[in-house]
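These are the residues of each chain, in order.
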Amino acid sequence: FVKTHQNKPTKCLLPFRSTSHADALPSHSYGWPKPSSLKSTYRRHGFDEDDLKGYRKTRRAQLNRFLRNNWMPLTISIVIFAIVLIVRGQYPKLKTDTDDTPTNDANIDLTPFDDSFKLPMHPDLFNHNYPPFLSSMKLSESQKKKVWNSRAKAVARAFSHAWEGYVDFAWGKDELNPRSKTGKNGMGMGLMIVDSLDSAWLINKTIYERSYNWITKEQGLIRSLGALLSSYHLSKEVALLKEAVGLAEQLLPAFTSSLSGVPFNSINFQTGKPNGDQRNISTAAALSLQLEFKYLTHITNDPKFWNAVQNASNHCLIILVPKQVDISKPKFIDEDFNLGRDSGGYYEYLVKQSLLTKNSETFFAQQSLLLRSDPSNLLYVRGIQGPFAKGIKTDQMDQSTCSMGAILALSATKGLYLAEELAQTCYEMFHQTVTGLAPTKVLPKDVERMLRLGHSSVKAPIALENVRTVADGKYNLDFQPEMNEGSSSLLGPEALETFFVLFRVTGDEKYREWGWRIFRSMEQWAKVPSGGYSGLTNATRMPPTQNDKMESFLMAATFKYLYLLFADASILPLDQYAFNRGAHPLPVFQVRGDLKPKLLWL
């Protein structure tokens with residue numbers, strides 16, 4: 001077994017490798033050495049010295065052994081996989097009955113539908129860069145949900161940006177002046193914190209926690225009753241209910257100290273008496289605590305709150321109300337009719353208190369004067385200066401009137417077509433403005449006709465198809481802004497409330513798209529880089545000038561309606577909640593039988 005070459009011995013390599021005990025070297029009985037004695041003499045480098053089988057310990061050798069032992073199942077698996085790929089290539093649109101997501105979801109770029117990270121941008125780019133409607137592309141339900149969730153998060157970022165400016169420059173004050181980086185007090189009650197408390201609970205829990213801690217520590221401050229009750233319902237924090245009851249007790253003398261039951265506009269909390277000689281109060285303010293006091297009676301079982309506001313309601317029920325009511329008599333002062341801030345809230349409270357108590361009360365439907373614009377045939381609500389019969393008809397429309405769309409949509413099915421038309425008009429107030437933000441008041445151009453609605457005309461719907469679509473970039477086509485203060489923009493929530501309600505009622509996503517365009521305009525023109533948002537002194541001119549004032553309703557109502565418009569519709573469903581005029585949601589309830597005999601009714 002040993003050969004010599006040049007007188008040098010060499011090892012003889014074995015002609016085979018042992019792979020099993022059956023193939024092992026012959027027994028030593030035939031003259032062979034024992035297997036253990038061959039380990040160091042006859043095996044090449046690389047064999048497993050601890051295994052008598054002689055397996056190599058390299059990964060390549062292990063892979064080769066695996067393939068040799070499992071080639072059949074591996075071949076079958078590869079064939080099946082190849083067949084599946086071929087079938088999918090020939091029928092790419094095959095899907096299960098329960099899967100509504102197309103196979104090319106990942107191939108669609110969704111970034112054009114949310115460009116909020118790029119705002120503000122150069123004015124020329126913004127004014128010619130209108131975001132596409134989701135309906136312009138064939139998107140699956142999962143893609144649409146992804147887009148709207150992204151837009152809801154954009155509103156949440158804006159809410160946090162406004163809050164950061166308030167914390168940095170105006171903490172504890174009622175208002176923020178974002179450009180001058182100062183705070184301002186009107187009533188000295190931390191209005192921004194309290195008024196936005198329930199919005200913070202919905203949008204950002206961290207902000208809510210800080211607001212709640214401040215409210216519970218600052219004793220003796222006057223609160224927003226609606227915000228406290230709404231926040232109590234959402235968070236179940238008993239401390240907020242105690243604050244609400246204490247505030248209601250302080251507000252109660254405004255009703256009980258009035259001989260007529262119509263509340264005073266303001267009272268001294270120390271004495272419970274009215275501040276100064278108060279003869280008149282706006283019709284909206286006369287009914288301003290209906291929802292809050294009635295809900296408070298529901299949760300405390302104390303009828304005094306319900307009866308106080310119901311007594312005021314019993315004196316204030318007519319079809320079309322003027323802006324003022326005489327407290328002492330009581331009677332309406334027959335001058336100045338409109339559906340703006342002073343009297344529009346009157347109808348809102350009538351509708352929403354009926355919704356709050358699950359239609360336990362009678363609702364008297366309102367009527368109004370309507371007119372149409374040229375050329376788009378938009379519906380406008382006009383006002384009257386002076387007595388109803390002899391007053392001067394005014395063709396201007398306040399942006400605050402846009403909240404009537406939500407009221408009509410909530411009140412009755414037959415009012416839905418009017419709500420949709422009014423919503424279209426309110427959107428055009430934004431759409432036909434160069435900044436995309438509506439002025440406070442507008443004057444319709446070339447009034448085509450004036451229509452006064454009566455019982456007969458209510459039965460005949462005004463066809464929405466008669467309203468013409470206005471192309472992007474057509475500014476001031478149907479209206480012109482009122483000069484002076486009428487051209488300013490306060491970033492109010494009225495139109496957004498109507499869009500939110502109509503989307504929930506009809507499911508038409510155009511209302512969401514309108515809201516997104518308004519939000520983009522706010523990000524472009526109203527956002528202050530150091531924190532906060534500012535209204536505009538003139539929304540109809542470029543470049544717009546900011547008025548250095550962030551109202552408390554921006555965080556309490558405007559951002560709340562935007563967030564709810566984009567977020568999932570299961571949040572605060574309209575059949576379970578009624579929103580008061582301050583956008584604070586209160587849960588609907590059925591008046592308990594044992595409480596009914598103690599309450600005043602219409």
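Predicted, not measured: the structure shown is a model, and the values here were computed from it.

A.B. asks: I tried to follow the pattern of salt bridges on my own but got confused; where do I start?
C.D. replies: Side-chain pairs of opposite charge can arise whenever the charged atoms involved come near each other. Counted under the stated rule, the structure contains 11 salt bridges. Between aspartate 115 and arginine 520 there is a salt bridge, and its shortest N-O distance comes to 2.9 Å. Note that aspartate 115 is positioned in the loop between helix 3 (71–90) and helix 4 (123–127) and arginine 520 in helix 20 (residues 510–525), a separation of 405 residues in sequence. Residue aspartate 115 is classed as buried on the basis of its relative accessible area, which comes to 9%. What makes arginine 520 buried here is its relative accessible area of 3%. Glutamate 523 is paired through a salt bridge with lysine 527; the nearest N and O atoms lie 3.5 Å apart. Using a relative accessible area of 24% as the deciding quantity, one classes lysine 527 as partly exposed. Here the salt bridges do not stand alone but share partners, grouping Glu249, Asp302 and Lys304 into one network.

A.B. asks: Quick question: what am I supposed to make of the state of the cysteines here?
C.D. replies: Chemically, a disulfide is nothing more than a covalent bond linking the sulfur atoms of two cysteines. Enumeration according to the criterion identifies 1 disulfide in this entry. Cysteine 402 shares a disulfide with cysteine 426; S-S distance 2.1 Å. With the S-S dihedral at roughly -110 degrees, the linkage between cysteine 402 and cysteine 426 falls on the left-handed side. With a gap of 24 residues between them, cysteine 402 in the loop between strand 12 (397–398) and helix 16 (403–411) and cysteine 426 in helix 17 (residues 416–431) connect regions that are remote in the sequence. For the residue pair cysteine 402 and cysteine 426, the accessibility class agrees, reading buried in each case.

A.B. asks: What is the right way to read the confidence of the model for the chain from this model?
C.D. replies: Interpretation of the predicted coordinates at a detailed level should be avoided for regions scoring low in pLDDT. The predicted model of the chain has a mean per-residue pLDDT of 78, with 70% of residues at 70 or higher. Below a pLDDT of 50 lies the segment residues 360–368, which in the model reaches 32 contacts outside its immediate sequence neighbourhood of four places, other chains included.

A.B. asks: Just to check I follow, could you spell out the pairing of strand 13 (residues 441–444) for this structure?
C.D. replies: Where a strand is regular, its side chains alternate between the two sheet faces. Burial of strand 13 is one-sided: the residues Val442 and Pro444 facing one way are buried, the residues Lys441 and Leu443 facing the other way are not. Summarising the sheet, strand 12 and strand 13 pair through 2 bridges and their orientation is antiparallel. Opposite aspartate 398, over in strand 13, you have lysine 441 as the bridge partner. By the bridge criterion, 3 bridges tie strand 13 to strand 15 (residues 479–481) in an arrangement that is antiparallel. Its bridge partner being in strand 15, leucine 443 is matched across the sheet by glutamine 480.

A.B. asks: Hey, could you run me through a nonpolar patch on the surface in this one?
C.D. replies: Taken together, the side chains of Trp71, Met72, Ile76, Ile80 and Val84 make up a nonpolar region of the molecular surface, amounting to roughly 490 Å² of accessible area. Its place among the elements puts tryptophan 71 in helix 3.

A.B. asks: In this structure, what is going on with the packing of aromatic side chains? I would like to understand it.
C.D. replies: Given two aromatic rings, one states the distance between the centres and the angle between the planes to describe the pair. In the structure shown here, the tally under the stated rule is 21 aromatic pairs. Considering the side-chain rings of tyrosine 511 and tryptophan 514, the 5.3 Å spacing of their centres and the 85 degrees angle between planes classify their relative orientation as edge-to-face. In this pair, tyrosine 511 and tryptophan 514 both sit in helix 20, 3 residues apart, roughly one turn of the helix. As far as burial versus exposure is concerned, tyrosine 511 and tryptophan 514 are alike and both buried.

Reading the values: the criteria
Every chain begins its residue count from 1, and numbering advances along the sequence as written. Side-chain atom pairs in this predicted model are given and counted only at pLDDT of 80 or more, local residue features only at pLDDT of at least 70, and totals for whole chains, interfaces and linings cover all residues. Excluding hydrogens and water, the side-chain figures rest on all heavy atoms present in the structure. What makes a salt bridge here is a side-chain nitrogen of Lys or Arg within 4 Å of a carboxyl oxygen of Asp or Glu, nothing more. The secondary structure listing takes helices from DSSP runs of H or I that are at least 4 residues long and strands from runs of E that are at least 2 residues long, numbered from the N terminus. In this scheme, a residue with accessible area under 20% of its type's maximum is buried, one over 50% is exposed, and one in between is partly exposed, where area comes from a 1.4 Å probe on protein chains only. The rule for a disulfide is simple: a pair of cysteine sulfur atoms within 2.5 Å. The predictor attaches a confidence to each residue, called pLDDT, with possible values from 0 through 100. Any two residues whose heavy atoms approach within 4.5 Å at even a single point are treated as in contact. Strands qualify as paired when DSSP identifies two bridges or more between them. For patch detection, residues must exceed 30% relative accessible area and be free of salt bridges, and they are connected within 9 Å for like charges or within 5 Å for nonpolar side chains (Val, Leu, Ile, Met, Phe, Trp, Tyr). Computed with the Shrake-Rupley method and a 1.4 Å probe, the accessible areas treat only the protein chains shown as cover for residues. The pairing test for Phe, Tyr and Trp rings, Trp by its six-membered ring, is centres within 6.5 Å, and the orientation test on the planes gives stacked under 30 degrees, edge-to-face over 60, and tilted for anything in between.

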